[in-house]
Amino acid sequence: MWQRSGICFPACIFLLCSAILLHQSHLQGNMAFAGKYEFEGDENYDDFVTKIGLPSDKIEMGRNCKIVTEVVQNGNDFTWTQHFPGGRTTTNTFTIGKEADMETMGGKKFKATVKMEDGKIVAEFPNYRHTAEISGGKLVEISTSSGVVYKRTSKRIA
């Protein structure tokens, strides 16, 4: 066995291959977000949107709204678009780990650094924390504000 710096050659190859496989699986996991998703159901909508101060007209407009979320992904670069009935669209474009201009569900503009934590996209909005993950082939989004949790589930349609 060839040795250099006290580590045998086969051990070096094993460590290098393990690192490459871990990196590849991390990238493949991240690519799981790309697709088009249609609203399937939600939990705790009224309590959450009231907590974050959404005006009553927007609360009513969003209740059981068949939002279609389209995610385009190129590595760590994302374009996250939500299409609402009636033609209204909201788009957030961001790169994991870099500050980006964002927009809340109420239309408020702000800056945030979106992160990836344990396969989940995580963003700190002005008055809530938002996570998104793919679970069972569905897009599961969870927003939390002062202990009030809102969960929205969307099924993949493309």
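None of the values given here were measured: they were computed from a predicted structure. (Residues numbered from 1 in each chain as written. Predicted model: local features only at pLDDT ≥ 70, side-chain atom pairs only at ≥ 80, totals over all residues. Heavy atoms only, no water.)

Draft legend 1. Spotlight on the overall build of the chain. Helix and strand content of the chain: three helices and 13 strands. In the chain, 41% of the contacts between residues at least 6 apart in sequence involve partners at least 24 apart. Counting only carbon and sulfur atoms, one obtains 54% of the accessible surface of the chain, whose full area is about 9,300 Å². (Helix = DSSP H or I, 4+ residues; strand = E, 2+ residues; numbered from the N terminus. Contact = heavy atoms within 4.5 Å. Areas by Shrake-Rupley, 256 points an atom, 1.4 Å probe, with all protein chains shown as cover.)

Draft legend 2. Quick peek at the packing of aromatic side chains. Enumeration over the complete set of coordinates arrives at eight aromatic pairs. Ring centres of F125 and Y128 lie 4.7 Å apart, and the angle between their planes is 10 degrees; on these two criteria the pair is classed as stacked. Residue F125 is classed as buried on the basis of its relative accessible area of 12%. Feature note: the residues Y45, F48, F110, F125, Y128 and Y150 constitute an aromatic cluster, connected by ring pairs. (Phe/Tyr/Trp six-rings, centres within 6.5 Å; stacked < 30°, edge-to-face > 60°. Buried < 20%, exposed > 50% of the residue type's maximum accessible area, 1.4 Å probe, protein only.)

Draft legend 3. Highlighting the pairing of strand β6 (residues 89-95). Burial of β6 is one-sided: the residues T90, N92 and F94 facing one way are buried, the residues T89, T91, T93 and T95 facing the other way are not. Hairpin connection of strand β5 (residues 77-83) to β6: five residues between the antiparallel strands, including G86 at a positive phi of 95 degrees. (Pairing = 2+ DSSP bridges.)

Draft legend 4. Broad picture of the pattern of salt bridges. Taken as a whole and judged by the stated rule, the model has 10 salt bridges. Between E40 and K138 there is a salt bridge; the shortest N-O distance is 2.7 Å. One end of the pair, E40, is in strand β3 (residues 35-43); the other, K138, is in strand β12 (residues 138-145), and 98 residues separate them in sequence. Look at K138 and you get partly exposed, because its relative accessible area is 30%. (Salt bridge = Lys/Arg side-chain N within 4 Å of Asp/Glu carboxyl O.)

Draft legend 5. Local environment of empty space enclosed by the protein. Evaluated as defined, the whole model comprises one cavity of 30 Å³ or more. In this structure, the largest cavity is lined by 21 residues; those nearest its centre are W80, Q82, N92, F125 and H130. Residue assignment for the lining of the largest cavity shows that the elements contributing at least two residues are β5, β6, β7 (99-103), β10 (120-125) and β11 (128-135). For the lining of the largest cavity, the element with the highest residue contribution is β6, accounting for four residues. A per-class count over the lining of the largest cavity returns 11 nonpolar, six polar and four charged. (1 Å grid on protein atoms, 1.4 Å probe; cavity = no way out; pocket = protein on both sides within 12 Å on 5 of 7 lines; lining within 4 Å. Points joined across faces, edges and corners; volume = space filled by probe spheres on them. Nonpolar A, V, L, I, M, F, W, Y, C, P; charged D, E, K, R; others polar.)

Draft legend 6. Fine view of the sheet that holds strand β4 (residues 68-74). Pairing within the open sheet is antiparallel, and its nine strands lie in the order β6-β5-β4-β3-β13-β12-β11-β10-β9. Each edge of the sheet is formed by a strand with only one pairing partner; in this case those strands are β6 and β9 (115-117). Within this sheet the neighbouring strands show an average axis-to-axis angle of 25 degrees, counted without direction. Both β12 and strand β13 (residues 148-156) contribute to a ladder of eight bridges, which runs antiparallel. Directly across from E141, in β13, lies its bridge partner R152. (Axes fitted to C-alpha atoms, helices over the stretch in contact; angles between N-to-C directions.)

Draft legend 7. Structural view of the environment of V68. Among the secondary structure elements, V68 is positioned in strand β4. What makes V68 buried here is its relative accessible area of 16%. In this structure the C-alpha to C-alpha distance between V68 and S154, which are 86 residues apart in sequence, comes to 8.1 Å. Non-local contacts of V68, meaning those with residues more than four positions away in its chain, are made with K36, Y37, E38, T81, Q82, H83 and I157.

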